Amino acid sequence: MPLYEYHCEACGADFEALVSFSKADSVSCELCGSEKVQRVNSTFAAARSDSGSSGFQGCLPSCSPGG
Ligand SMILES: [Zn+2]
């Protein structure tokens, strides 16, 4: 699960929470319990290094400059 950092606008506290993607937007402050929190950033625990992945597949035949 990703580790999110939240900032509570009610009490001004900063806290981190390990929540799933579906619950990332439904987090309450762990100090005052307010739901008026903003997600500061997302620090993924999983490694974000994907070596050997070729996402770009070049140009399709349909986009050739044939006119
Ligand atoms: Zn709070």
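Conventions we followed
Residues numbered from 1 in each chain as written. Predicted model: local features only at pLDDT ≥ 70, side-chain atom pairs only at ≥ 80, totals over all residues. Heavy atoms only, no water. Donors = N, O, S within 2.8 Å, 3.2 Å for Na, K, Ca; no water. Tetrahedral: all angles 85-135°; square planar, octahedral: opposite > 155°, others 65-115°. Helix = DSSP H or I, 4+ residues; strand = E, 2+ residues; numbered from the N terminus. Buried < 20%, exposed > 50% of the residue type's maximum accessible area, 1.4 Å probe, protein only. Pairing = 2+ DSSP bridges. Contact = heavy atoms within 4.5 Å.

(A) Main features of the coordination of the zinc ion. For the zinc ion, every protein donor is listed as Cys-8 (SG), Cys-11 (SG), Cys-29 (SG) and Cys-32 (SG), and the spread of their distances is 2.3 to 2.4 Å. Considering all four donor atoms around the zinc ion, angles at the metal cover 105 to 117° and the coordination shape is tetrahedral. For the zinc ion, all donor residues lie on one chain, and their spacing in sequence is C-x2-C-x17-C-x2-C. Taken together, the residues Cys-8 in strand E1 (residues 3–8) and Cys-29 in the loop between strand E2 (14–18) and strand E3 (37–43) connect sequence positions 21 residues apart.

(B) How the structure looks around the pairing of E1. Residues Tyr-4, Tyr-6 and Cys-8 of E1 are buried on one face, while the alternating residues Leu-3, Glu-5 and His-7, pointing to the opposite face, are not. As defined by bridge partners, E1 adjoins E2 across five bridges and the pair is classed as antiparallel. Paired with Leu-3 across the bridge in E2 is Leu-18. With antiparallel pairing between neighbouring strands as the criterion, E1 and E2 make up a hairpin whose turn holds five residues, including Gly-12 at a positive phi of roughly 75°.

(C) Layout of the environment of Arg-39. Within the secondary structure, Arg-39 sits in strand E3. Taking relative accessible area as the criterion, Arg-39 reaches 39% and is therefore assigned partly exposed. Remark: the alpha-carbon pair of Arg-39 and His-7, spanning 32 residues in sequence, is separated by 6.4 Å. Setting aside residues no more than four positions away along its own chain, Arg-39 makes contact with Tyr-4, Glu-5, Tyr-6, Ala-24 and Asp-25.

(D) View of the side chain of Ser-34. Position of Ser-34 relative to the elements: it lies in the loop between E2 and E3. Setting aside its immediate chain neighbours within four residues, Ser-34 contacts Cys-8, Ala-10, Val-27, Ser-28 and Cys-29.

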